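# Analysis of the macromolecular model
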Amino acid sequence: GRDGQRGLGWDVARRLVAGGSAGMIACACTYPLDLVRTRLAAQTTVRHYDGLLHALFVIGSKEGPRGLYRGLAPTLAQIGPNLAINFAAYETLSKLAKEHELGERVPPAIVSLACGSTSAVVSATATYPLDLVRRRLQ
């Protein structure tokens, strides 16, 4: 709603779209680094990669540029909802705290910390099964 209006209205839907879109764009841009991190962590007895740059080069050479984005679709399917819920929950909780003048009774930093922590727990809990599937597909 507009400034001064109470209630949630379409704000939550807009926040879901904004958070999900921003998260998916950022994820697509940084995905090769996440893929390499996962592959480096999966190395146990046999070392295939000597570090970040070596892994990027080897994966790009052997699997092609598409290899750097292997598993992107399930990642976007997990990250989009996770960040959408996180952003929408944080902004909604912050708006409700402001409407109820919570910041005047509790230090604003504590209100922000509570809103952020709550939104992170809500989004992680809601999307944990998707994260598990995504990591298995990498």
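My aim in this report is to walk through the structure given alongside it, one point at a time. Please read all numbers here as calculations on a predicted model, not as lab measurements.

### Some words on the overall build of the chain
The number of helices and strands found in the chain is 4 helices and 0 strands. N-terminal to C-terminal, the α/β element order of the chain is α-α-α-α. Relative to the compact-globule value of 14 Å for 138 residues, the chain shows a C-alpha radius of gyration of 19 Å, a clear excess of over 25%. The buried share among the 138 residues of the chain stands at 33%. A sequence separation of at least 24 residues applies to 75% of the contacts in the chain between residues at least 6 apart. Averaging the coordinates of the 16 positive side-chain charges in the chain and doing the same for the 10 negative ones gives two points 8 Å apart.

### Regarding the pattern of salt bridges
Scanning all chains against the criterion turns up 7 salt bridges. Among the ionic pairs, D11 bridges to R14, the shortest N-O distance being 3.0 Å. Of this pair, D11 and R14 are both found in helix α1 (residues 11-42), 3 residues apart, which corresponds to roughly one turn of the helix. D11 gets classed as buried once you look at its relative accessible area, which sits at 5%. Judged by relative accessible area, R14 falls into the exposed class, the value being 56%. Across the pair E63 and R39 runs a salt bridge whose closest N-O atoms are separated by 2.8 Å. Here E63 is found in helix α2 (residues 52-63), whereas its partner R39 is found in helix α1, with 24 residues between them in sequence. On the basis of relative accessible area, R39 is assigned to the buried category, the value being 16%.

Thresholds, definitions, all that
Residues numbered from 1 in each chain as written. Predicted model: local features only at pLDDT ≥ 70, side-chain atom pairs only at ≥ 80, totals over all residues. Heavy atoms only, no water. Helix = DSSP H or I, 4+ residues; strand = E, 2+ residues; numbered from the N terminus. Rg over C-alpha atoms; globule rule 2.2 N^0.38 Å. Buried < 20%, exposed > 50% of the residue type's maximum accessible area, 1.4 Å probe, protein only. Contact = heavy atoms within 4.5 Å. Lys, Arg positive; Asp, Glu negative; His and termini not counted. Charge placed at Lys NZ, Arg CZ, Asp CG, Glu CD. Salt bridge = Lys/Arg side-chain N within 4 Å of Asp/Glu carboxyl O.

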